[in-house]
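Tertiary structure, described
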Amino acid sequence: EPVMYDIKWIRENPELFDKGLERRGLPPRSAEVLDLDKKYRAAQTDLQDMQSRRNDLSRQIAEVKKNGGDADVLMHEVGALKRSMADTEEDVRVICEQIDHVLERLPNRPADDIPDGLDDTTNREIRRWGEPRKFDFKPLEHDEIGAKLGMMDFDQAARVSGARFVYLLGDLARLERALAQYMLDLHREKHGYIEMEVPLMVNSSAMYGTAQLPKFAEDLYHTTDDYWLIPTAEVSLTNFVAGKALDEDKLPLRLTALTPCFRSEAGAAGKDTRGMIRQHQFYKVEMVAITTPEKSWEEHEYMTQCAEDVLQGLNLPYRVMCLSAGDMGFSSRKTHDLEVWMPGQNKYREISSVSNCWDFQARRMDARCKNKAQKGTRFVHTLNGSGVAVGRCMIAVMENYQQADGSVLIPEALQKYMNGQTVIAAKN
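Below or above, wherever it landed, is the structure these notes cover. Since the model is a prediction, treat every value here as computed from it, not as a measurement. (Residues numbered from 1 in each chain as written. Predicted model: local features only at pLDDT ≥ 70, side-chain atom pairs only at ≥ 80, totals over all residues. Heavy atoms only, no water.)

Let's shift gears to the nonpolar core. Counting 49 residues, the largest nonpolar core has Leu175, Leu179, Met183, Leu316, Cys393, Met394 and Ile424 as the members making the most contacts within it. Excluding anything up to four places from it in sequence, Leu175 contacts Met394, Val397, Met398, Leu414, Met418 and Ile424. Residues Met4, Ile10, Met50 and Met85 belong to the second largest nonpolar core, which totals 29 residues. (Core = buried A, V, L, I, M, F, W, Y, C linked by side-chain atoms within 4.5 Å. Buried < 20%, exposed > 50% of the residue type's maximum accessible area, 1.4 Å probe, protein only. Contact = heavy atoms within 4.5 Å.)

This part covers the packing of helix α3 (residues 30–66) against helix α4 (residues 72–103). At a closest axis distance of 9 Å, the pairing of α3 and α4 adopts a crossing angle of 160°. One element, α3, and the other, α4, form an angle in the roughly antiparallel class. Relative to α4, the crossing made by α3 is left-handed. Classifying every residue of the contact of α3 with α4 by side-chain character gives 20 nonpolar, 6 polar and 10 charged. (Axes fitted to C-alpha atoms, helices over the stretch in contact; angles between N-to-C directions. Helix = DSSP H or I, 4+ residues; strand = E, 2+ residues; numbered from the N terminus. Parallel < 35°, antiparallel > 145°, perpendicular 65-115°, else oblique. Left-handed = near helix turned anticlockwise from the far one by under 90°. Nonpolar A, V, L, I, M, F, W, Y, C, P; charged D, E, K, R; others polar.)

The strand order across the open sheet built from 8 strands is β1-β11-β12-β13-β16-β10-β9-β4, with neighbouring strands paired in mixed fashion. Edge strands, defined here as strands with exactly one partner in the open sheet, are β1 (124–129) and β4 (194–195). Note that strand β10 (residues 281–291) and strand β16 (residues 381–389) share 7 bridges and pair antiparallel. Residue pairing across strands places Thr291 opposite His381, the latter belonging to β16. Relative to the sheet, helix α7 (residues 170–190) contacts β4, β9 (253–262), β10 and β16, its axis offset from that of β10 by approximately 5°. (Pairing = 2+ DSSP bridges.)

A few words now on the packing of helix α5 (residues 142–149) against helix α12 (residues 390–400). Put simply, α5 and α12 touch, their axes get as near as 9 Å, and they point 80° apart. By the angle class used here, α5 and α12 are roughly perpendicular. Residue-level inspection shows His142, Ile145 and Gly146 of α5 in contact with α12, the latter providing Ile395, Met398 and Glu399. Classifying every residue of the contact of α5 with α12 by side-chain character gives 3 nonpolar, 2 polar and 1 charged.

Bringing the pattern of salt bridges into the picture now. Two side chains of opposite charge can pair, provided their charged atoms sit close to one another. Taken as a whole and assessed by the stated rule, the structure comprises 37 salt bridges. Its salt-bridge partner being Lys427, residue Asp171 comes within 3.1 Å of it at the nearest N-O pair. Of this pair, Asp171 sits in helix α7 while Lys427 is found in the segment after β18 (423–424), placing the two residues 256 residues apart along the sequence. For Glu195, the salt bridge identified is with Arg188, shortest N-O distance 3.7 Å. Owing to a relative accessible area of 41%, Glu195 belongs among the partly exposed residues under this scheme. Residues joined in a network through salt bridges with shared partners are Glu125, Arg128, Arg319 and Glu339. (Salt bridge = Lys/Arg side-chain N within 4 Å of Asp/Glu carboxyl O.)

With that settled, consider helix α10 (residues 296–313). Its 18 residues place the ends of α10 26 Å apart at the C-alpha level, agreeing with the 26 Å of an ideal helix rising 1.5 Å per residue. Phi turns positive, to about 55°, at Asn315, one or two residues after α10. (Expected span 1.5 Å × (residues − 1).)

Scanning the entire structure with this criterion turns up 1 cavity of 30 Å³ or more. There is about 40 Å³ of room inside the largest cavity. Looking at the largest cavity, the residues that line it are Tyr5, Phe17, Gly20, Leu21, Arg24, Pro107, Asn108, Arg109 and Pro110. When the residues that make up the lining of the largest cavity are grouped by side-chain class, the tally is 5 nonpolar, 2 polar and 2 charged. (1 Å grid on protein atoms, 1.4 Å probe; cavity = no way out; pocket = protein on both sides within 12 Å on 5 of 7 lines; lining within 4 Å. Points joined across faces, edges and corners; volume = space filled by probe spheres on them.)

Another aspect to go through is a negative patch on the surface. Taken together, the side chains of Asp46, Asp49, Asp87 and Asp91 define an acidic patch exposed on the protein surface. Among the secondary structure elements, Asp87 is positioned in helix α4. (Patch = residues over 30% accessible without salt bridge, like charges linked within 9 Å, V, L, I, M, F, W, Y side chains within 5 Å. Areas by Shrake-Rupley, 256 points an atom, 1.4 Å probe, with all protein chains shown as cover. Lys, Arg positive; Asp, Glu negative; His and termini not counted. Charge placed at Lys NZ, Arg CZ, Asp CG, Glu CD.)

What follows deals with the side chain of Asn108. Inspection of the secondary structure puts Asn108 in the loop between α4 and β1. The exposure class of Asn108 is buried, given its relative accessible area of 5%. Excluding anything up to four places from it in sequence, Asn108 contacts Tyr5, Arg24, Phe330, Ser331, Ser332, Arg333, Cys357, Trp358 and Phe360.

With antiparallel pairing, the 3 strands of this open sheet are ordered in space as β5-β7-β6. Edge positions in the sheet fall to β5 (201–202) and β6 (221–222), since each of these pairs with one other strand and no more. Of the pairings in the sheet, the one linking β6 to strand β7 (residues 228–229) comprises 2 bridges and is antiparallel in character. What sits directly across from His222, in β7, is Trp228.

Where two cysteines share a covalent bond between their sulfur atoms, that bond is called a disulfide. Enumeration according to the criterion identifies 0 disulfides in this entry. Cys322 forms no disulfide, and the closest cysteine sulfur to it belongs to Cys357, at a distance of 14 Å. (Disulfide = S-S within 2.5 Å.)

With the rule as written, the count across this model stands at 8 aromatic pairs. Measuring from centroid to centroid gives 5.4 Å for Phe135 and Phe137, while their planes differ by 85°, and the two rings are edge-to-face. Measuring from centroid to centroid gives 5.4 Å for Trp297 and Trp358, while their planes differ by 40°, and the two rings are tilted. Within this pair, whereas Trp297 is found in helix α10, its partner Trp358 is found in the loop between β13 (347–356) and α11 (360–365), the two being separated by 61 residues in sequence. By relative accessible area, which is 31% here, Trp297 ends up partly exposed. (Phe/Tyr/Trp six-rings, centres within 6.5 Å; stacked < 30°, edge-to-face > 60°.)

One number sums up the size of the second largest pocket: a volume of about 240 Å³. Class assignment for the residues of the lining of the second largest pocket results in 5 nonpolar, 1 polar and 5 charged.

Written out as structure tokens, the structure reads:
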């Protein structure tokens, strides 16, 4: 039975299904899916008919034999039926594969209340927090600040690895570590997340479960022995519930992890080639929530607030955007992006994406919940959000806390993680 999407729902709402695809800039597919579904159901019906005919024949054969008669003709028919059934079972398997092949490449249906539009120009601003600082000198971009401090080396990283890698030295390496600790502690102590240490290499089925596969293989790094490097801890954290039936009383389950993330950035040629904005390898603190269907919108707001808390605690100005249907990630039904103010670039840049995936990933990884009062199980809803990207947060701190003499003040919230140090200055 294909479960990528609820086929019964598509049968009943083909125009809504196609509308969802259209909002994402994709052609309609309901006719094709329902045509395959019709074939699938017809083949299933044939199988049932043959099965019941076979049961009849078995009874007749037993009867004939009991009375000492000759059941050869009946036995011959059973043999023919067996062969037909095997053929039809193969048909069902093939049709099922064809349906899955279509559905597993189709994105989640966008929520009704998000803006229409196919790119970031149609995203809707929800709110802003914090006042961008007024500088009495021209603020530099983070890579210039890092070079002047002598603590950020892209050239040597390029010799060792290639483009989109960096060496951080001394206090900048410590600043990044301090940020990661600060975020983990905040989510663990204040927001109720369970801190986890997770696999950085996963198998294909895990990547399929969170829907990086089959469609986005070119964005991922694949090892020679068939592991994939995680592009985000969302993969490992969300798959923690793959194949499980969770007790609804224990939900929401909130998980967080600090991991390196690995991305090939295949589609980003020429984008953000300077500095640390877009790297092949970066640290991120990820938040994942597993909830009952009734609670997922509430959880989406809560999770957005948790990510905002990180930036508010550092006093970094930001805005919250609701992404348009065509700008959202593949698995998402609704996404809030947090964009932090970068004075060096004089613009807001994405630092967190908080998405409600509804039951889209849960179906792919067979993650369910059950409650004592009801029979059976149902799919959970999964949510994920950056809480936040550590490297981007570090460069936001560098740009917002830079001083005229090239030094960088350390935000108060991070000082305890840096032994009370208050400023990062070049070592002469």
